[in-house]
Amino acid sequence: MSALPISGTAVPLRRGAYAAEIASVGATLRSLAHDGRDLVAPFREDELRPVYRGVVLAPWPNRVVDGRYAFDGREEQLPLTEPDRGHALHGLVCWSDFRVLHRATDAVTLTTDVVAQAGYPHPLRVEVEYRLVDDGLRTRITTTNTGGSRAPYGASGHPYLVAGPGRVDDWTLELAADRVLEVDPDRLIPTGLGEVAGGPFDFSEPRRIGDLFIDHAFTGLRAHRARVVAADGLGAELRWDEAAPWVQVHTADRPEPAYDRAGLAVEPMTCPPDAFNSGTDLVVLEPGASHTVGWTIGAV
């Protein structure tokens, strides 16, 4: 009996010039290429997934500050999964081994169950569909409240877009957003909304990222699209639906040389960081209710 790869069951997808591979742990997008050119930062099948590359984020994206929140009169404490900053990071399914429900040469649907637990006493069923289409890889996350009480909810994905050779510094970014969620520099706790126009995060017109540090959520989107392009004009684009009025962008500043600024994280989010506390754009799933959000990554 052969050992399962550390990233879980591998599901290859192919259609036309596009090829992708999904890893069952975290329902993760492990690789995506067009004509052999990477569109996201990949990782090896036998590698422990680094820096949340390609993972599904649910039932919340980003951070719950201090892991504490109140909902429907209950005070909750989540495990602190970002110990250096003391927050609960990126939900509960990052390390779940999803089951394959349906599979074809160009599509796969995976599912997992979130069990009621300390800090999040709400059972959920999460289904993730990946489908290669003519213009890229389409992802859909559908979550259903399988319990008997209302559940706070948010979702996102964590692909790192790759424009070409080199680092994030060498690429051009286009993102038409009017507002940015400002954060304190040490723990990235939200401090309030600021205007983007004329500031360092104004990418309404494509411009080079350079050495700018970005780990911020944007809203007031004039287009649900982000595009990174290399000097040769090639790149990658992520388009998402209106169920995600926020997008987190991160330049992947890391101490490990292999990961440092090697891809641009673009995360369409249904709600901003710490929405379990602010309530901003928080989805509340009634018993039996479902929510869907989706996006497509394609070649430029």
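Everything discussed here concerns the structure shown above.
This one's a predicted model, so the numbers in the text were calculated from it and none came from an experiment.

S.K.: Would you explain the pattern of salt bridges in this entry?
M.R.: Pairing is possible between side chains of opposite charge, provided their charged atoms come close. Under the criterion given, the structure shown has 25 salt bridges. Here arginine 63 ties to glutamate 82 by a salt bridge, and the two come within 2.8 Å at their closest N and O atoms. Of this pair, arginine 63 sits in strand S6 (residues 63-64) while glutamate 82 sits in the loop between strand S8 (74-77) and strand S9 (88-89), and the two are 19 residues apart along the sequence. Residue classification places glutamate 82 among the buried residues on the basis of a relative accessible area of 6%. We note a salt bridge from arginine 239 to aspartate 135, for which the minimum N-O separation is 3.1 Å. Highlighted residues: arginine 239 in strand S21 (residues 235-240) and aspartate 135 in the loop between strand S12 (124-133) and strand S13 (136-145), separated in sequence by 104 residues. Since its relative accessible area comes to 25%, arginine 239 is described here as partly exposed. When salt bridges with common partners are traced through the structure, they connect Asp135, Glu174, Arg225, Arg227, Glu237 and Arg239 into a single cluster.

S.K.: Help me understand the layout of surface pockets, please; the structure alone is not making it clear to me.
M.R.: Picture a little ball the size of a water molecule; that probe, rolled over the atoms, points out where space is still empty. The volume enclosed by the largest pocket comes to roughly 470 Å³. In terms of residue class, the lining of the largest pocket is made up of 6 nonpolar, 5 polar and 9 charged.

S.K.: When you look at the nonpolar core in this model, what are you seeing that I'm missing?
M.R.: When a protein is soluble and globular, its nonpolar side chains tend to lie buried together. One finds Leu13, Leu29, Leu32, Tyr130, Leu175, Phe218 and Trp240 to be the most contacted residues of the largest nonpolar core, which totals 76 residues. Setting aside residues no more than four positions away along its own chain, tryptophan 240 makes contact with Leu175, Leu221, His224, Arg225, Ala226, Trp246, Val247, Pro268, Gly294 and Trp295.

S.K.: Where do I start with empty space enclosed by the protein in this structure?
M.R.: The full count for this structure, using the stated rule, is 3 cavities of 30 Å³ or more. The volume enclosed by the largest cavity comes to roughly 60 Å³. Forming the walls of the largest cavity are Leu29, Gly54, Val55, Val56, Tyr130, Thr139, Gly157, His158, Pro159, Trp295 and Ile297. Taken together, the residues that form the lining of the largest cavity break down as 7 nonpolar, 4 polar and no charged. Estimates place the volume of the second largest cavity at around 50 Å³. The wall of the second largest cavity is formed by Asn62, Arg63, Leu181, Val183, Leu188, Asp215, His216, Ala217, Gln248 and Pro273. Contributions of two or more residues to the lining of the second largest cavity are made by strand S17 (172-183) and strand S20 (215-229). No other element matches the 3 residues that S20 contributes to the lining of the second largest cavity. Its residues placed into classes, the lining of the second largest cavity shows 5 nonpolar, 3 polar and 2 charged.

Conventions we followed
Residues numbered from 1 in each chain as written. Predicted model: local features only at pLDDT ≥ 70, side-chain atom pairs only at ≥ 80, totals over all residues. Heavy atoms only, no water. Salt bridge = Lys/Arg side-chain N within 4 Å of Asp/Glu carboxyl O. Helix = DSSP H or I, 4+ residues; strand = E, 2+ residues; numbered from the N terminus. Buried < 20%, exposed > 50% of the residue type's maximum accessible area, 1.4 Å probe, protein only. 1 Å grid on protein atoms, 1.4 Å probe; cavity = no way out; pocket = protein on both sides within 12 Å on 5 of 7 lines; lining within 4 Å. Points joined across faces, edges and corners; volume = space filled by probe spheres on them. Nonpolar A, V, L, I, M, F, W, Y, C, P; charged D, E, K, R; others polar. Core = buried A, V, L, I, M, F, W, Y, C linked by side-chain atoms within 4.5 Å. Contact = heavy atoms within 4.5 Å.

Just geometry here; none of it tells us what the structure is for.
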